[in-house]
Amino acid sequence: MKDIILKAENISKQYRLGQVGTGTLSHDLNRWWHQVRGKENPYLKIGDTNDRATKGTSDYVWALQDINFEVERGEVLGIIGKNGAGKSTLLKILSKVTAPTTGSIKSRGRIASLLEVGTGFNPELTGKENIYLNGAILGMTKKEIASKIDEIIAFSGCDRYIDTPVKRYSSGMTVRLAFAVAAFLEPEILVIDEVLAVGDAEFQKKAIGKMQDISRQGGRTVLFVSHNMEAVKQLCTRGLIMRNGTISYVGEINDIVNKYLADSTNYEVSKIYRNIKVNTINSIRKVEIIGDEPFHNHNETVKIVIDFNEQITNCNVGIALLNINKNKIFTTINSIDEAVNQLVCEIPSGLLLKGSYSLDIATFKNETVYEYLNDICSFQVLDFVNDYKIYGGNVGDLKIDCKWY
């Protein structure tokens, strides 16, 4: 018999684009009139899917649509997907920050959430006062909080500033304290949305270790959203992929990560939002990273294949490599003098550190940009390199002579 601690049933969330509220007064009156007559909300029948790459035809959009899943006690569930897929909206509904348009959430126990830096903290209160405030919100007594406060402060590493107002904290310090509060005040369900990316490497390692402890030893449940696939694989036991406001795949975490990255390394450009359109038709048809799997060892070359809709000539093609924080690491540029339908770029082996990467690709000539594709084709590099050639930080002005053909 499964011990289900959290259950989402037919969760959908609809927003009206361009509006602060639910819409116009006439729409609100129409909803009310249908409600008093016992009829369905008329605006549930309209609305576009949550695809940020398309303009759409309706003023309404479904940020989430028909979400169903269950989480067992002690399970660590990874939720992954592209930006705009609906992950954060789902976690806000699970945390009761916002209400679903349709559907219901059933949970057993307290839910603590880290959705954004500083969420739930009063900036005018000190770090210690915010610990007591957050504990009270979670239903803890003052005595229970006091018994944990020394551990919380020690884990956060904010001892020196604990009596300073939180408004003077850096984002990293705020996240440290918020995570420590959520983890040590022992909620039955801990919901975390990418905020650990703000912390430094040492704190991320501590936080992942703490989440493993509270799930394995404490029997508590963790829902973890992150774009860091290594952290997801290390921490989670099961996962789900979100796409355009729906759940597209559920399974064991290794299968989930491999499928997500495999889907990300192959893009039909017609589906991608184009940032710039200048003086020409769109020429790039497809971008693909070649390999048996979306993971590459540091001693393997990374091969990028660009297919064009038609032959192009007399222009430049540039590729920028981005790290997980979307900082540009380096660029490589190739001049096209003879007409081609396809270009291949090989990033040399031993060049990249362990981590997650994606690409910006542009075609241009002089100061004119013909086409620009942003943050596409995610892939992972495994294993650290001792004798590495490039530091995986923000060194975007660096240009690399990659092999083009």
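Each remark here, short or long, concerns the structure printed above.
What comes next concerns the included structure. All of these numbers come straight from a predicted model, not from anything done at the bench.

### So, helix α6 (residues 201-216)
Over its 16 residues, α6 runs 23 Å from end to end, which matches the ideal 22 Å to within 8%, given 1.5 Å per residue. For α6, the set of buried residues is Phe203, Ala207, Ile208, Lys210, Met211, Gln212, Ile214 and Ser215. If you follow the buried residues of α6, they end up packed against β4 (76-81), α4 (142-156), α5 (171-184), β7 (189-193), β8 (221-225) and α7 (229-235).

### Side note on empty space enclosed by the protein
With the rule as written, the count across this model stands at one cavity of 30 Å³ or more. Size it by volume and the largest cavity reaches roughly 50 Å³. As for the largest cavity, its lining consists of Asn297, His298, Glu300, Val302, Ile347, Pro348, Gly350, Leu351, Leu352 and Val381. Taken together, the residues that form the lining of the largest cavity break down as six nonpolar, three polar and one charged.

### Overview of unusual backbone geometry
A positive phi is found at aspartate 66, a non-glycine position, where the angle reads about 55°. Positionally, aspartate 66 belongs in strand β3 (residues 60-72). For asparagine 244, which is not a glycine, the phi torsion comes out positive at approximately 55°. For asparagine 244, the location among the structural elements is in the loop between β9 (238-243) and β10 (246-252).

### Comments concerning the nonpolar core
Inside soluble globular proteins, nonpolar side chains tend to come together where they are buried. Core analysis: the biggest nonpolar cluster contains 48 residues, and Ile131, Ile152, Phe179, Leu190, Met211, Phe224 and Val232 have the highest contact counts within it. Setting aside its immediate chain neighbours within four residues, isoleucine 152 contacts Ile131, Leu177, Ala180, Val181, Phe184 and Leu185. In this structure, Ile284, Ile306, Ile361 and Leu373 belong to the second largest nonpolar core, which totals 32 residues.

### Quick notes on the packing of aromatic side chains
In this description, a pair of aromatic rings is defined by centroid distance and the angle of the planes. What the rule picks out here adds up to two aromatic pairs. A cation over an aromatic ring shows up here: lysine 210 above the ring of phenylalanine 184, its NZ or CZ 3.9 Å from the ring centre.

### So, the pairing of strand β15 (residues 302-312)
Bridge count for strand β13 (residues 284-290) against β15 is six bridges, and the pairing is antiparallel. In the sheet register, valine 287 faces β15, and the bridge partner there is isoleucine 306. Inspection of the sheet shows β15 paired to strand β18 (residues 340-347) by seven bridges, in the antiparallel sense. Paired with isoleucine 312 across the strands is valine 340, a residue of β18.

Analysis parameters
Residues numbered from 1 in each chain as written. Predicted model: local features only at pLDDT ≥ 70, side-chain atom pairs only at ≥ 80, totals over all residues. Heavy atoms only, no water. Helix = DSSP H or I, 4+ residues; strand = E, 2+ residues; numbered from the N terminus. Expected span 1.5 Å × (residues − 1). Buried < 20%, exposed > 50% of the residue type's maximum accessible area, 1.4 Å probe, protein only. Contact = heavy atoms within 4.5 Å. 1 Å grid on protein atoms, 1.4 Å probe; cavity = no way out; pocket = protein on both sides within 12 Å on 5 of 7 lines; lining within 4 Å. Points joined across faces, edges and corners; volume = space filled by probe spheres on them. Nonpolar A, V, L, I, M, F, W, Y, C, P; charged D, E, K, R; others polar. Core = buried A, V, L, I, M, F, W, Y, C linked by side-chain atoms within 4.5 Å. Phe/Tyr/Trp six-rings, centres within 6.5 Å; stacked < 30°, edge-to-face > 60°. Lys NZ or Arg CZ within 6 Å of the ring centre and 35° of its normal. Pairing = 2+ DSSP bridges.

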